[in-house]
Amino acid sequence: MDLNVKQSGIHSVALHTTYFQNRSGKVYKRAEERYLRNDLSCGLAQCGTCKDFGTNPLLKIENPVRNAKVGRHALIVDSTSLIRFYDLFDSSLLRDLIVTQTVWEGVKAKAVPAYKKMNSLCYEDAKDRFHVFMNEFHCETFSESSKFEDLSRGEELLLSTALYLKTHWQKHNVAPVVLVFDEDSKKRMENHYQHVMYLKEYIQNLEDPGKQALLDQMAAYESSGNGNEKQIFDEYLSHDRIMEGIASGTIKRGNFSVSRENYREATVIIDDQLTSWFITGNNCNRAVNGDTVAVQLLPEDQWTAPEKKIRLRDVEEYVKTADDMGNEDEENDDENDEPKAKKSKKMTVSTAKVVGIIKRNWREYCGMLLPSTVKGARRHLFCPAERLIPRIRIETEQAETLSQQRIVVAIDHWPRDSKYPLGHYVRSIGEMGSRETENEVLLLEHDIPHAPFSESVLDCLPREEWEPDLTENRGPLPRVDLRDLTICSVDPLGCTDIDDALHCKQIGEDLFEVGVHIADVTHFVRPGTAIDDEAALRGTTVYLCDRRIDMLPCLLSSNLCSLRGEEERYAFSCIWTMTSSADIQSVKYHKSLIKSKAALTYEKAQEIIDDPKEQNDVALGLRGLMKLSKVLNARRTGNGALTLASSEVRFDMDWESRTPKKVMEKQHLDTHSMVEEFMLLANISVAEKILEEYPDCALLRRHPVPLKESYKPLVEAARHRGFEIIVESGKGLADSLNRCVDKKNPMLNRLLRMLTTRCMTQAVYFSAGTVPVPQYQHFGLACAIYTHFTSPIRRYADVIVHRLLAAAIGADDIQSGLLNQARCTKICTNINYRHKQAQYAGRASVQLNVVRYFKGKVETCEGFVMGVRNNGIQVFVPKYGLESIIVLQTSAASGTTIDVEEMSVKVNGDVVIKELEPVTVRISVNEKNQQRPRVELQLIKPAIPGLSVDFDLSSSEGLGL
């Protein structure tokens, strides 16, 4: 914001001279006239003198929070305090603050983040607590010549403001307090003015228990040292140098992604071709998972390769106390490194270093304090629940109170001389281990919006007694009455948000009419409304084991938009005419009114199809759909579509206690594939239509072709089992996977398909026109174009696609902003993030409930080795969809060795474990880990000592069609 003054009330004119130096060192003199005024408000609401100056004074000086050192007062803060502690000023304990024009311009010139924060506080977030005072335009506070020889220019301008306001407010009994940062500055100013304090000194004297949180937050800044400590990390390049490097190509920008197997390693994807650079150790240079970073490629002789070693922070907790981990001088990060001679023989990869942070992805983190053995210690390490986030150093005197609670901590900054970022305690979530607390942590950890819908959102809903009406249209095209069709839905047991229904009827000798009918959500969710804004923010419905967090209020998601059996509902229908060979003759799109004849589960639909006695219209329609779906599936797989696998389980829940009674692996039925084929066909057909109408802004979904290098784990695993994987094309990959069958190991094919899934990148939403047309393709589905149309109740992407399709067929007017590519890209960015976080949250919920299920239980069952690392094995238990790392104790004495190249574990030279081979494990719950009780696997057969640590592969498992 620019600060301006009005053109009336001029008191005098001063000639102001400034000197500045250019880049070459030459000094220039600049003279300017300054119009000094006598009508600038002091900011005090009670001031009768200033009330008619045309400004809006907001400072009440009511001081509900008292200070032991001063009475009624306002605060004048210096620029250094604002720059260094700008986050503290969010607190309502710091109120009645005056920011002088001098400080404003100083902060703006020196620190962009602090300036943005100050601007938002003064004019948006906390404008009732802040007032900007134009001291360099006020006739009483500006002076060309120095009045105090011992003060700097900035100190003098602050002091002149304080002295003027002290006199000006005398009858109101209000004293200005100057808050400074520098010790010498405080001493100099105290020679001329009584009320000068450090910010910390002021907070310490507040008579409010909330001051402790502010002091804890300040301590994080102060603990970064005085600049004389040993610097651990390189200094970041300046913004200008980074921009110059990006322009010349010597520096790249990308997203920093920490490895889930080794927290000391990371990758940065630097371009649209998914080229990744490897980063390790101190070259990560204080980047945190999710940050947008500037990276520079190292000289080739410094390139290295991933360790293929399991390094999880949870493992460290067994061998280090919180005090050890907090002692940066004693911590030895290289103690477990491989010998340099062995490292030099590895095949290296492109290795880079972080040279700057372009955008921080910091947020508030959930977790716990690691216990300290030092009585009365203030410095503590906070352990985030999310493994990819580093420990955070905080200072607090509340450690004893917080030790048994889940708490929230925010990162403040990460100085070069600290192995850990510095942060502060924000709030407590609840008692560690309680179901409510752990569920709340899960949601906060994955950034899932889960607050109840606001009144403004609920005001957008129709009345609960609403009934459909054919004459109620949103556009010029009338709604089509399809209530006579035999339409039914097929969904999982217990599903209440039914998005889709289908029908099939024969209309000729070799002609069939097939329809996919999707809930017409956009009839109720109109653009620009509060309910639309909330749905756009949430992006998707989140499915947890014991609850569902809806994108839309229940009245819509489970009632008026849900295509329930025997109830009339508005729908958006995609209807094909096709032959028995599934050759499409024509396709039509309608806004429609339907009445589903049955809401079936997958199991019930399968039972109807398989029972020859069932000959009603629903059964005949289902059998027609099943026959056509098999043709469609054969055609897709023939074109190279992949059939992949993942570890999925479901729970039989006790809904009263919300605890799992039984864990069941999901069983695949033909009806699953039947529904999937027609949903895929509808999505492809709609994608073609909206792209034809809106080639520059259609919302589409693509799945990038994986890099050949990303298949390496799959290729090596198959090679060790005697199979060759072809990765040159999707067709070659699909065919070679089909050939990987071992009669002695029936699980082998499924395991290889799971590995294939993990080699894939995630499918993403994008706006047409933002990438080259060949990159529109969906690799996993082997189709050139794809979108999401079939689930608008639970995905905001489908809502946008419905609006585009409705406009394309004339069923609704084109909405403002739909044709704006930049807006579409912004929407895609959010829904990609929300979709990914919802997946992670769902998997974390499964893990949490598996732990609850196994409390007090021990079971021995079969597992399979999914990977061999330098210090352990990765074991998958199909029965429970459970995957864990077992760190093996290898030594010359035990005779146990690990051969990563051959993916095997040997005892006295004999191979006892091989990748993708079965092992026997015992499952139990280890509650010693305070961070979270976890499922522990003990290797029973073969009997090799090891330590189990639960392992999350959610970042790569499942490509999300």
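Not measured: the values here are computed from a predicted model.

Participant: I tried to follow the packing of helix 17 (residues 602-610) against helix 18 (residues 617-638) on my own but got confused; where do I start?
Facilitator: Pairs of packed helices are described in terms of their axes, by the angle between the two and the distance that separates them. Between helix 17 and helix 18, the shortest axis-to-axis distance is 9 Å and the interhelical angle comes to 95°. Regarding the angle of helix 17 to helix 18, the classification is roughly perpendicular. Where helix 17 abuts helix 18, its residues Ala605, Gln606, Ile608 and Ile609 lie against Ala619, Leu622, Arg623 and Met626. The residue makeup of the contact of helix 17 with helix 18, split by class, is 6 nonpolar, 1 polar and 1 charged.

Participant: Looking at this structure, how should I read the pattern of salt bridges?
Facilitator: A full pass over the atoms with the stated rule returns 42 salt bridges. Between lysine 604 and glutamate 607 there is a salt bridge, with its nearest N and O atoms 3.4 Å apart. One end of the pair, lysine 604, and the other, glutamate 607, are both in helix 17, 3 residues apart, so they sit about a helical turn from each other. Under the relative-accessibility criterion, lysine 604 is labelled partly exposed at 36%. In this structure glutamate 607 comes out as partly exposed when scored by relative accessible area, which is 49%. Shared partners join several salt bridges into a network, and the residues in it are Lys69, Lys186, Glu190 and Glu201.

Participant: Just to check I follow, could you spell out the sheet that holds strand 8 (residues 252-258) for this structure?
Facilitator: Backbone-to-backbone hydrogen bonds pair the strands of a sheet. The strands run either parallel or antiparallel. Strand order in the open sheet formed by 5 strands is 10-9-8-11-12, with antiparallel pairing between adjacent strands. One side of each edge strand has no neighbouring strand; the edge strands of this open sheet are strand 10 (276-280) and strand 12 (352-359). Strand-to-strand twist in this sheet, taken as the mean axis angle between neighbours without regard to direction, amounts to 40°. Pairing geometry for strand 8 and strand 9 (residues 265-269), over 4 bridges, is antiparallel. Opposite serine 257, over in strand 9, you have threonine 267 as the bridge partner.

Participant: Can you help me understand the nonpolar core in this one?
Facilitator: Within soluble globular proteins, side chains that are nonpolar tend to cluster in buried spots. Val514, Trp576, Leu622, Phe678, Leu699, Leu700 and Phe789 are the most contacted members of the largest nonpolar core, which has 94 residues in total. In terms of residue count, the dominant contributor to this core is helix 23 (residues 796-809) (11 residues). Counting residues in hydrophobic clusters, the runner-up holds 58 residues, among them Phe85, Met134, Tyr164 and Val174.

Participant: How should I be thinking about the confidence of the model for the protein chain in this particular structure?
Facilitator: Regions with low pLDDT carry predicted coordinates that are not meant to be interpreted in detail. Chain-level statistics for the protein chain give a pLDDT mean of 84 and a share of 87% at 70 or above. Across the protein chain, the secondary-structure element scoring lowest on mean pLDDT is helix 11 (residues 340-343), at 42, and the one scoring highest is strand 21 (residues 511-519), at 97. Within the model, pLDDT remains below 50 along residues 1-8, and this stretch shows 22 contacts once partners closer than five positions in the same chain are excluded. Note on residues 317-345: pLDDT is under 50 here. Beyond four places in sequence and across chains, it has 53 contacts.

Participant: How do you make sense of the environment of valine 846 when you look at a structure like this?
Facilitator: Tracing the backbone shows valine 846 in helix 24 (residues 821-854). Separated by 183 residues in the primary sequence, valine 846 and valine 663 have C-alpha atoms spaced 9.7 Å apart. Not counting chain neighbours up to four residues away, the residues in contact with valine 846 comprise Cys545, Val649 and Phe651.

Reading guide: rules and limits
- Residues numbered from 1 in each chain as written.
- Predicted model: local features only at pLDDT ≥ 70, side-chain atom pairs only at ≥ 80, totals over all residues.
- Heavy atoms only, no water.
- Axes fitted to C-alpha atoms, helices over the stretch in contact; angles between N-to-C directions.
- Helix = DSSP H or I, 4+ residues; strand = E, 2+ residues; numbered from the N terminus.
- Parallel < 35°, antiparallel > 145°, perpendicular 65-115°, else oblique.
- Contact = heavy atoms within 4.5 Å.
- Nonpolar A, V, L, I, M, F, W, Y, C, P; charged D, E, K, R; others polar.
- Salt bridge = Lys/Arg side-chain N within 4 Å of Asp/Glu carboxyl O.
- Buried < 20%, exposed > 50% of the residue type's maximum accessible area, 1.4 Å probe, protein only.
- Pairing = 2+ DSSP bridges.
- Core = buried A, V, L, I, M, F, W, Y, C linked by side-chain atoms within 4.5 Å.
- pLDDT = per-residue confidence, 0-100.

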